[in-house]
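Each chain is listed here by its residues.
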Amino acid sequence: MGSLETCLLFFVMVMFMSATMSRASTSVVIYNDLGGGLPLRHHCKSREDDLGYQSLAPGRSWSFGFTPDIFGRTLFYCRFSWGAESHIFDIYKQSRDKEFQEFGCKKCEWKIRKNGPCKFYKKTGMFDHCYSWD
């Protein structure tokens, strides 16, 4: 192998190791903000991880952590249920939520409301970035 190929291979290996080692852990926090004293049932999973069935009392929170994929493909989705209602939402989508996006986060906090989830927006300090159900 010539010196150019050796340098290129070394550079690629250093870049890969740097990207892998610098990936910081991310967390998702879910708050039950349904109101009316309703418990929130939820089941979150990704392609690789099933986080199981959970239930949140009114006003309570639950969280989980993970390390995002270096290729930008991390996706966690949840089924949220209360009463006779059931909805699915992508609670962490790396293309939308990665740290340096406008609405990105390292600690992604969501209030689950009847009309859809609302994300904490660090610029306003409020849960004012709301989505409709998928």
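Everything below is about the structure shown above.
Quick caveat, the model's predicted, so the values are computed rather than measured.

Thoughts on the overall build of the chain
Here is step 1 of the chain: For the chain, the count of helices and strands is 2 helices and 9 strands.
Here is step 2 of the chain: Counting from the amino terminus, helix and strand elements in the chain follow one another as α-β-β-β-β-β-β-α-β-β-β.
Here is step 3 of the chain: Considering the chain as a whole, with its 134 residues, one finds that 32% of them fall into the buried category.
Here is step 4 of the chain: Put simply, 48% of the contacts in the chain that link residues at least 6 apart link residues at least 24 apart.
Here is step 5 of the chain: As displayed, the chain offers around 8300 Å² of accessible surface, 58% of which is attributable to carbon and sulfur atoms.

Comments concerning the state of the cysteines
Here is step 1 of the chain: Counting across every chain of the model gives 3 disulfides.
Here is step 2 of the chain: Disulfide pairing places cysteine 105 opposite cysteine 108 at an S-S distance of 1.8 Å. Looking along the S-S bond of the cysteine 105-cysteine 108 disulfide, the torsion reads about 95 degrees, which is the right-handed sense. Here the two residues cysteine 105 and cysteine 108 agree in accessibility, since each one is buried.
Here is step 3 of the chain: Once the bonded cysteines of the chain are numbered in order along the sequence, the disulfide links fall as 1-2, 3-4, 5-6.

Remarks on the environment of glycine 104
Here is step 1 of the chain: Topologically, glycine 104 is positioned in the loop between α2 (94-97) and β7 (107-113).
Here is step 2 of the chain: For the pair formed by glycine 104 and phenylalanine 120, sequence separation is 16 residues and the distance between their alpha carbons is 9.8 Å.
Here is step 3 of the chain: Setting aside chain neighbours within four positions, we find glycine 104 in contact with Arg96, Asp97, Lys98, Glu99, Lys119 and Lys122.

So, the environment of lysine 98
Here is step 1 of the chain: Residue position: lysine 98 is located in the loop between α2 and β7.
Here is step 2 of the chain: Separated by 10 residues in sequence, lysine 98 and cysteine 108 have C-alpha atoms that sit 9.5 Å apart.
Here is step 3 of the chain: Excluding anything up to four places from it in sequence, lysine 98 contacts Tyr92, Lys93, Gly104 and Cys105.

About the criteria used
- Residues numbered from 1 in each chain as written.
- Predicted model: local features only at pLDDT ≥ 70, side-chain atom pairs only at ≥ 80, totals over all residues.
- Heavy atoms only, no water.
- Helix = DSSP H or I, 4+ residues; strand = E, 2+ residues; numbered from the N terminus.
- Buried < 20%, exposed > 50% of the residue type's maximum accessible area, 1.4 Å probe, protein only.
- Contact = heavy atoms within 4.5 Å.
- Areas by Shrake-Rupley, 256 points an atom, 1.4 Å probe, with all protein chains shown as cover.
- Disulfide = S-S within 2.5 Å.

Purely geometric numbers; function is a separate question.
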